[in-house]
Amino acid sequence: MTRLPSSDAEKVPVGTEARLGIEIDDIAQRTAAGEISEYAVVAEGEDRTTWFVWLLVCCCTISGLLFGYDTGVISGALVTINGDLGPSELSNEQKEFITSATTLGALLGGLAAGTMSDWTGRRPVLGIADITFMGGAIGQAFSHTVWSMVGCRFLIGIGVGLASCIAPLYIQELSPTRLRGRMVVLNVVMITLGQVIAYGIDAGFANVNAGWRWMVGLGTVPAAIQLALLVYLPESPRVLVKRGNMEAAREVLSRVYALASSEQVDLKLKVLHATVKQSVEIANSTTFWQRFSSMFSNPINRRALVIGCGMQAFQQLCGFNTLMYYSASLFQEIGFNQPTAVGLIISGTNFLFTLFALKYIDVVGRRRIMVFSAPGMVFGLTLASIAFHYMTTGTGGNLVTGAQYSHGWAGIVLLSMIIFVASYATGLGNVPWQQGELFSLDVRGIGTSLSTATNWAANFLIGSTYLSLMSAITPSGAFGFYAGLCLLGWLFCVFCFPDVSGLSLEEVQNVFKDGYGIRESERLRRVKREILQREKAKLSG
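Residues numbered from 1 in each chain as written. Predicted model: local features only at pLDDT ≥ 70, side-chain atom pairs only at ≥ 80, totals over all residues. Heavy atoms only, no water.

## With respect to a nonpolar patch on the surface
We count it as follows: Patches were defined on residues exceeding 30% relative accessible area and lacking a salt bridge, with like-charge contacts within 9 Å and nonpolar side-chain contacts (Val, Leu, Ile, Met, Phe, Trp, Tyr) within 5 Å. Here the open area of atoms and residues is found with the Shrake-Rupley method and a 1.4 Å probe, where only the protein chains shown may cover a residue. Here, a salt bridge means any side-chain nitrogen of Lys or Arg that lies within 4 Å of a carboxyl oxygen of Asp or Glu. The helix and strand labels rest on DSSP assignments: H or I over at least four residues marks a helix, E over at least two residues marks a strand, and numbering proceeds from the N terminus. Relative accessible area decides the class of each residue, using a 1.4 Å probe on protein chains only: under 20% of the type maximum gives buried, over 50% gives exposed, and in between gives partly exposed.
Nonpolar side chains collect at one region of the surface, where L352, F353, L355, F356, Y360 and V363 lie side by side and expose about 550 Å² of accessible area between them. Relative to the assigned elements, L352 resides in helix α20 (residues 339–364). Residue L352 is classed as exposed on the basis of its relative accessible area, which comes to 54%.

Here you go:
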């Protein structure tokens with residue numbers, strides 16, 4: 001085995017170098033060959049986390065809170081705006097404009113975010129997102145026309161799109177492998193918490209004159225808090241290694257792994273440098289457009305992109321966000337006297353079951369949690385379709401404002417929505433946001449941008465057609481249609497979605513060398529577990 005070049009070996013304590021014979025080229029070659037490097041596994045050994053890591057991640061997840069708050073708050077605002085924007089009552093088309101403007105802005109923000117972060121770093125993009133969100137929230141609160149409201153919603157959307165792409169990516173690049181899934185789910189927990197807070201604020205201001213202005217304006221508070229805290233956050237160590245700033249990368253690693261010895265931190269840095277070596281060389285020797293085209297021409301990148309975009313499309317085409325946008329309006333139409341409070345039940349269910357995912361995503365695994373939770377979504381939407389069919393027989397299959405509907409069927413609609421949301425929150429609500437782990441460092445920004453843009457494009461499609469679809473094919477038909485899309489999404493997970501739990505960001509690339517890697521991911525995870533068991537046996541012996 002070739003040893004480290006002398007210039008590199010001098011930076012690693014002699015004891016560590018002699019004991020492990022760590023060597024950059026050897027690790028890079030094994031990674032390129034699609035195998036797990038035992039040296040890399042050894043380097044991951046000390047991965048205990050400190051309060052610094054959790055506080056760092058919590059600060060990042062304020063972006064998720066903003067995302068969720070905006071998704072939830074517009075539902076209550078739409079039913080209380082009344083004539084404050086000019087018309088005595090907002091038409092369905094105007095409601096669709098207001099909700100879809102945010103989604104269109106998020107589509108553009110998400111498309112630009114990853115690429116921006118490759119040039120500026122992850123942290124500055126979060127700051128830009130906060131400033132953009134604050135401007136849009138303040139503008140909304142002072143809007144007096146439908147079009148000014150639409151413009152401010154578009155501005156907020158850009159901020160949401162930037163944050164929704166970068167926050168999970170930033171968290172993944174700072175997290176220990178063992179906890180990477182859980183820490184990204186924490187961002188999703190904050191999305192659902194933001195929705196719960198939004199529904200609570202909606203309910204609190206529902207009977208206040210022009211209370212909707214307070215609902216939308218209060219979004220500036222968490223954005224301002226995160227903007228102030230960003231000063232204390234470090235840059236991603238992988239970005240620093242990519243730039244060749246090894247000293248800064250080591251400092252960040254020493255703070256993330258505060259319980260590791262100096263030798264262990266040096267070892268982690270060497271392994272990180274080795275595993276991203278090929279990506280750094282590609283990034284430094286190619287143009288942006290060459291890397292962009294490689295997303296489609298390179299089989300490994302293309303397969304990762306299909307998974308990333310496919311999962312994000314599934315997340316939105318299932319219709320969940322339309323439920324969050326329009327739940328208050330929907331429950332008002334079917335006869336609930338406190339529709340915003342009922343919406344709070346839905347968002348609360350989402351929050352509680354996301355906590356379940358937070359606990360078990362790294363234990364159960366991404367694939368298994370998706371395969372077993374998606375059928376629950378299909379069942380919930382099918383039940384809703386049946387309930388709407390029988391509930392609306394007296395009104396020609398359509399929901400008519402002011403009509404009296406069976407309380408029994410209305411209760412079944414609520415139950416079906418709870419089943420659907422619980423299943424969604426367990427799997428689909430969080431797994432697609434693990435997207436950053438699918439891509440190598442040289443195209444990670446591009447890949448996450450395209451995946452996030454797919455999410456928002458599907459969101460825009462569903463959000464801008466929901467009310468029209470309900471009118472055209474009846475509520476029963478609309479929810480049956482969403483159930484069919486969920487079935488297709490489940491089949492996609494069964495046949496194409498691998499489980500990369502427990503693999504480092506750099507090891508994940510080996511999964512896609514030959515096909516979508518469902519079996520290969522299991523093999524690599526098994527090999528890694530065996531190496532870890534041997535290392536534990538050595539330590540205990």
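Next comes the rest of the description.
## Considerations on the environment of A260
Tracing the sequence through the fold places A260 in the loop between α14 (246–256) and α15 (262–275). Taking relative accessible area as the criterion, A260 reaches 15% and is therefore assigned buried. Sequence separation of A260 and T49 is 211 residues, and the distance between their C-alpha atoms is 9.8 Å.

## Quick word on empty space enclosed by the protein
Our working definition: Site definitions follow a grid-based scheme: protein atoms alone, a 1 Å grid, a 1.4 Å probe that fits but cannot get out for cavities, and for pockets an open set with protein on both sides within 12 Å along at least five of seven lines, plus lining residues having an atom within 4 Å of a point. Grid points are joined across faces, edges and corners, and a volume is the space filled by probe spheres set on the points. Just so you know the grouping, Ala, Val, Leu, Ile, Met, Phe, Trp, Tyr, Cys and Pro go in nonpolar, Asp, Glu, Lys and Arg go in charged, and all remaining residues, Gly too, go in polar.
The tally for this structure, following the rule as stated, stands at 4 cavities of 30 Å³ or more. There is about 140 Å³ of room inside the second largest cavity. Forming the walls of the second largest cavity are 18 residues, and the residues nearest its centre are I191, Q195, F320, Y424 and G429. Every element with two or more residues in the lining of the second largest cavity is listed here: α6 (62–78), α10 (180–205), α18 (299–317), α19 (320–333), α20 and α22 (407–426). Sort the elements by how many residues they give to the lining of the second largest cavity and α10 lands first, with 4 residues. Of the residues assigned to the lining of the second largest cavity, the class counts are 7 nonpolar, 11 polar and no charged.

## Re α6
Applied cut-off: Helix span is expected to be 1.5 Å times the residue number reduced by one.
The first and last C-alpha atoms of α6 sit 24 Å apart over 17 residues, in line with the 24 Å expected at 1.5 Å per residue. With 17 of 17 residues buried, α6 is to be regarded as a mostly interior element.

## Thoughts on helix α9 (residues 146–174)
Over its 29 residues, α9 extends 42 Å from the first C-alpha to the last, a length consistent with the 42 Å expected when each residue adds 1.5 Å. With respect to burial, α9 is a largely interior element, 23 of its 29 residues being buried.

## Description of the packing of aromatic side chains
By convention here, two paired aromatic rings are described through the distance between centres and the angle between planes. Worth spelling out the cut-off: In summary, the pairing rule links any two rings of Phe, Tyr or Trp, Trp by its six-membered ring, whose centres are within 6.5 Å, and it sorts them by plane angle into stacked for under 30 degrees, edge-to-face for over 60 and tilted for everything else.
Using the criterion set out here, one finds 17 aromatic pairs in the structure. Ring centres of F67 and W433 lie 6.1 Å apart, and the angle between their planes is 90°; this geometry places the pair in the edge-to-face category. With F67 in helix α6 and W433 in the loop between α22 and α23 (441–496), the pair connects residues that are 366 residues apart, well separated along the chain. When its relative accessible area of 8% is taken as the criterion, F67 is described as buried. The structure contains a cluster of three or more aromatic residues connected by ring pairs, namely W119, F288, W289, F292 and F296.

## Side note on the state of the cysteines
Applied cut-off: Note on terminology: disulfide denotes any pair of cysteine sulfur atoms within 2.5 Å.
Taken as a whole, this structure holds 0 disulfides when the rule is applied. Lacking any disulfide linkage, C60 is separated from the closest cysteine sulfur, that of C59, by 5.8 Å. Since its relative accessible area comes to 0%, C60 is described here as buried.

## A closer look at the nonpolar core
Taken as a class, soluble globular proteins show a tendency for nonpolar side chains to be buried jointly. Rules: To define a nonpolar core, start from buried Ala, Val, Leu, Ile, Met, Phe, Trp, Tyr and Cys residues and group those joined through side-chain atoms within 4.5 Å. Only heavy atoms enter the contact rule, under which two residues are in contact if any of them lie within 4.5 Å.
By size, the foremost hydrophobic cluster in this structure holds 116 residues, and its most contacted members are M370, M417, F420 and F479. Considering each element in turn, this core owes the most residues, 17 residues, to α23. Contact partners of F479, with chain neighbours within four places excluded, come to L330, L381, A384, S385, F388, M417, Y466 and M470. Counting 19 residues, the second largest nonpolar core, distinct from the first, contains Y69, L90, V150 and I201.

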